[in-house]
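Examination of the molecular architecture
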Amino acid sequence: MQRHTLYAYVDGSDLEDVAAPIEERLVELAVAPGWVTSRPTVVNQKTDVSGSHPDDLPDWDLGINLALPDPGDEPEGWFGDVERVAGYLAKLHSTFAREFVIGIADNVTGVTEDLFFVESDAPDLGRLRSAIGVRGG
């Protein structure tokens, strides 16, 4: 198991009207050939937050998880997988008018950190690279 997972989820919990078509598009991305590290997995799960107000929407994770290579063991071109996800999310943003958050989860500690938001049709991939801590072009 990789130590870190990149997550890329729709930002928000009011997803009833878009969940099915977004999930369908994410499955298309995940099964497409050409991944360098590994195929991403599609996530579509709701979690009720205990102690929340009865009118609160449950947390809804809808997006992609991508196992990241361990630092120092990155195969050539691995960051292209991350850019591919971000570019695809930009298309989904354009189609569904939803923002997406990209972050990294530490699979050992359980800590997650949101690093980047896809909120336009052309995300700043240089900023994404910097947010994830990747050097070079």
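Residues numbered from 1 in each chain as written. Predicted model: local features only at pLDDT ≥ 70, side-chain atom pairs only at ≥ 80, totals over all residues. Heavy atoms only, no water.

**Some words on the overall build of the protein chain**
Let me state the cut-off plainly: Here a helix means four or more residues in a row that DSSP labels H or I, a strand means two or more in a row labelled E, and each is numbered from the N terminus. Throughout, exposure labels follow a simple rule: accessible area from a 1.4 Å probe, protein chains only, divided by the maximum for the residue type, with under 20% read as buried, over 50% as exposed, and the rest as partly exposed. Contacts are residue-level and defined by heavy atoms, with any inter-residue pair within 4.5 Å sufficient.
A count of helical and extended segments in the protein chain gives three helices and five strands. If you list the helices and strands of the protein chain from N to C, you get β-α-β-β-α-β-β-α. Looking at the protein chain as a whole, 36% of its 137 residues are labelled buried. Nonlocal contacts in the protein chain, meaning residues at least 24 apart in sequence, comprise 67% of its contacts between residues at least 6 apart.

**Examining unusual backbone geometry**
Here alanine 97, not a glycine, exhibits a phi torsion of approximately 55°, which is positive. Along the polypeptide, alanine 97 turns up in the loop between helix 2 (79–96) and strand 4 (100–106). Overall, the relative accessible area of 64% leaves alanine 97 in the exposed class.

**Focus: the pattern of salt bridges**
Oppositely charged side chains can pair when the atoms bearing their charge come close. Test applied: Each reported salt bridge corresponds to a side-chain nitrogen of Lys or Arg within 4 Å of a carboxyl oxygen of Asp or Glu.
Counted under the stated rule, the structure contains four salt bridges. As a salt-bridge pair, arginine 98 and aspartate 14 come within 3.4 Å of each other at their nearest N and O atoms. Placement of the pair is arginine 98 in the loop between helix 2 and strand 4 and aspartate 14 in the loop between strand 1 (4–10) and helix 1 (19–31), with a sequence separation of 84 residues. Residue arginine 98 is classed as buried on the basis of its relative accessible area of 14%. Since its relative accessible area comes to 46%, aspartate 14 is described here as partly exposed. Within this structure, Asp14, Asp17 and Arg98 form a network of salt bridges that share partners.

**A few points about the environment of glutamate 76**
Mapped onto the fold, glutamate 76 is located in the loop between strand 3 (59–67) and helix 2. Overall, glutamate 76 belongs to the exposed group, its relative accessible area being 77%. C-alpha of glutamate 76 to C-alpha of threonine 37: the two residues are 39 residues apart in sequence and 9.5 Å apart in space.

**Quick word on the packing of aromatic side chains**
Spelled out, the test is: Each pair of aromatic rings taken from Phe, Tyr and Trp, with Trp reduced to its six-membered ring, is defined by centres within 6.5 Å and is described as stacked if the planes are under 30 degrees apart, edge-to-face if over 60, and tilted in the remaining cases.
Inspection of the entire model under this criterion finds two aromatic pairs. Ring geometry for tyrosine 7 versus tyrosine 9: centroids 5.5 Å apart, planes at 35°, classification tilted. Arranged with centres 5.4 Å apart and planes meeting at 90°, the rings of tryptophan 78 and phenylalanine 79 form a pair that is edge-to-face. By the burial criterion, tryptophan 78 is buried, and phenylalanine 79 matches it.

The values reported here are purely geometric and, on their own, carry no functional implication.
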